[in-house]
Amino acid sequence: MNQNERILGFISLKLREKNVFEIQQKYGLKDYSYLYKNIIDTGLQELFTYYHAMINHLFSHLNNCSQGYGHFHADESRELIQIISEINALRKQLTGTNYEFYIEKYYDKQLT
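Residues numbered from 1 in each chain as written. Predicted model: local features only at pLDDT ≥ 70, side-chain atom pairs only at ≥ 80, totals over all residues. Heavy atoms only, no water.

A. How the structure looks around the overall build of the protein chain. When helices and strands are counted, the protein chain shows five helices and zero strands. Listing every helix and strand of the protein chain by position from the N terminus yields α-α-α-α-α. For the protein chain, the share of sequence-separated contacts (at least 6 apart) that also reach a separation of at least 24 residues comes to 62%. In the structure as shown, the protein chain presents an accessible area of about 7,600 Å², 50% of it carried by carbon and sulfur atoms. (Helix = DSSP H or I, 4+ residues; strand = E, 2+ residues; numbered from the N terminus. Contact = heavy atoms within 4.5 Å. Areas by Shrake-Rupley, 256 points an atom, 1.4 Å probe, with all protein chains shown as cover.)

In structure tokens:
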């Protein structure tokens, strides 16, 4: 298996682990796909859209909780940690390939 096949397999695996449409419906997530239209691989577009929406959803929930509008429960905390871990794993997997990506410095700092 060459590097490109390995990368596409990794992306496909991540997408199979998530039912992106179902999750978007469950949480009422905003669609950020328009931000990733320049990415040739549609699987990667979908994965970035999912991560973007979930990060925004969880940080928004966290911010609301910190202002006294609820509680940030362990489930949300674990989910945020898992997503950050997956983004870091994906970044590591794609470093040095045609699929390498970066996150804007401000946001990258928030995720570390």
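This is not the end of the story, as more comes after the structure.
B. Structural view of the environment of E86. Turning to its location among the elements, E86 is positioned in helix α4 (residues 74-94). Residues E86 and Y51, spaced 35 residues apart in sequence, show a C-alpha to C-alpha distance of 9.0 Å. Once you skip the residues sitting within four places of it in the chain, E86 turns out to touch K14, K18 and Y51. There is a polar contact of 2.7 Å between the side chain of E86 and the side chain of Y51. (Polar contact = N/O pair within 3.5 Å; in protein donor to acceptor, adjacent residues only side chain to side chain.)

C. Quick peek at the environment of E79. With respect to the element layout, E79 can be found in helix α4. A C-alpha to C-alpha distance of 8.3 Å links E79 and L58, two positions 21 residues apart in sequence.

D. Representation of the nonpolar core in the model. Counting 27 residues, the largest nonpolar core has L44, F48, Y51, I55, I83, L90 and L94 as its most contacted members. Elements with a contribution of two residues or more to this core: α1 (3-17), α3 (42-66) and α4. Counting residues per element, this core draws most heavily on α3, at nine residues. Filtering out sequence-adjacent residues up to four positions away, F48 remains in contact with Y36, I39, L90 and F101. (Core = buried A, V, L, I, M, F, W, Y, C linked by side-chain atoms within 4.5 Å. Buried < 20%, exposed > 50% of the residue type's maximum accessible area, 1.4 Å probe, protein only.)

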